[in-house]
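Survey of secondary and tertiary structure
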Amino acid sequence: TTYRGRQDSIEFTATPFPNDQIVQYYRWDFGDSYSSKTTQVNTASHSYSKIGTYIVRVTAINGISRSTSAPLEVNIFAPISGINIDYDSEPLLGHPVILNALHWQGNNVTYTWELGNGVIRNTTNRQIQHTFQSKGEYIIKVRAKNLLSEQIAEKRIFVLDRYCRPPEIEILGG
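Overview of the structure. (Residues numbered from 1 in each chain as written. Predicted model: local features only at pLDDT ≥ 70, side-chain atom pairs only at ≥ 80, totals over all residues. Heavy atoms only, no water.)

1. Quick look at the layout of surface pockets
Taken as a whole, the largest pocket holds about 370 Å³ of empty space. Forming the boundary of the largest pocket are 24 residues, of which Pro16, Val58, Ala60, Ser67 and Ser69 lie nearest the centre. Mapped onto the lining of the largest pocket, the elements with two or more residues apiece are strand 2 (9-13), strand 3 (25-29), strand 6 (52-61) and strand 7 (66-68). Among the elements that line the lining of the largest pocket, the one with the most residues is strand 6, at six residues. The residue inventory of the lining of the largest pocket, partitioned by class, reads 14 nonpolar, eight polar and two charged. (1 Å grid on protein atoms, 1.4 Å probe; cavity = no way out; pocket = protein on both sides within 12 Å on 5 of 7 lines; lining within 4 Å. Points joined across faces, edges and corners; volume = space filled by probe spheres on them. Helix = DSSP H or I, 4+ residues; strand = E, 2+ residues; numbered from the N terminus. Nonpolar A, V, L, I, M, F, W, Y, C, P; charged D, E, K, R; others polar.)

2. Section: the sheet that holds strand 15 (residues 150-159)
On the basis of which strands lie adjacent, the open sheet formed by four strands has the order 12-11-14-15 and antiparallel pairing. Lying at the two open borders of the sheet, with one neighbouring strand each, are strand 12 (120-123) and strand 15. Here the average twist between neighbouring strands, direction ignored, is 15 degrees. As defined by bridge partners, strand 11 (residues 110-114) adjoins strand 14 (residues 136-145) across five bridges and the pair is classed as antiparallel. Residue pairing across strands places Tyr111 opposite Ala144, the latter belonging to strand 14. (Pairing = 2+ DSSP bridges. Axes fitted to C-alpha atoms, helices over the stretch in contact; angles between N-to-C directions.)

3. What about the environment of Thr59?
Position of Thr59 relative to the elements: it lies in strand 6. Each C-alpha atom, one on Thr59 and one on Asp161, is 67 Å from the other, the two residues being 102 residues apart in sequence. In this view, Thr59 contacts Tyr25, Tyr26, Arg27, Arg66, Ser67 and Thr68; residues no more than four positions away in its chain are not counted. In terms of polar contacts, Thr59 uses its side chain to reach the side chain of Thr68, at 2.9 Å. (Contact = heavy atoms within 4.5 Å. Polar contact = N/O pair within 3.5 Å; in protein donor to acceptor, adjacent residues only side chain to side chain.)

4. As for unusual backbone geometry
Of note, the phi angle at Asn108 is positive, near 50 degrees, even though the residue is not glycine. The residue Asn108 is located in the loop between strand 10 (96-102) and strand 11 in this model. Assessed through its relative accessible area of 52%, Asn108 is described here as exposed. (Buried < 20%, exposed > 50% of the residue type's maximum accessible area, 1.4 Å probe, protein only.)

5. Here's the deal with the packing of aromatic side chains
For the structure on display, the rule yields six aromatic pairs. Their ring planes at 40 degrees and their centres at 6.5 Å tell us that Phe12 and Trp28 sit as a pair that is tilted. You can see Phe12 sitting in strand 2 and its partner Trp28 sitting in strand 3, a full 16 residues away along the chain. Consider the rings of Phe132 and Tyr138, whose centres lie 4.6 Å apart with planes at 40 degrees: the pair is tilted. In terms of burial, Phe132 and Tyr138 fall into one category: buried. Pairwise contacts between aromatic rings join Phe12, Tyr26, Trp28 and Phe30 into one cluster. (Phe/Tyr/Trp six-rings, centres within 6.5 Å; stacked < 30°, edge-to-face > 60°.)

Have a look at this one:
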């Protein structure tokens, strides 16, 4: 398995057995449905334009026969950018709140949530649910990480024991 960033050029090398003296050419399938390449040498380079998982194969061909390699899995990642924390409702004591890690790009991300009360959670899901057992101010942190990058976001929240009622307005005089 190979891990790379989108649009990085990847150099592939075929190693024929017993040697490359009898190979006339190589036909490369990079797994992205857009391109294949034929070379007379046992190397080829390729860049992927989209994130995802691709299966690469190469076929060595001589005048008599051909042989295709075992599949090679290539995972293309995007770096994490623009991370932020959001939540579904104002946190209320004893009631679950859903916290979301939002980011513009990034794939195959793991998240480490620090909930400001000693609770730490590791997950591959960008959303978690938590119930606070004490009212007060909490600093929530999330660390998003993949093989290319890492970003941290922080948000201050206040856990209340009851919601404040909106004030009433009345017009005086007139």
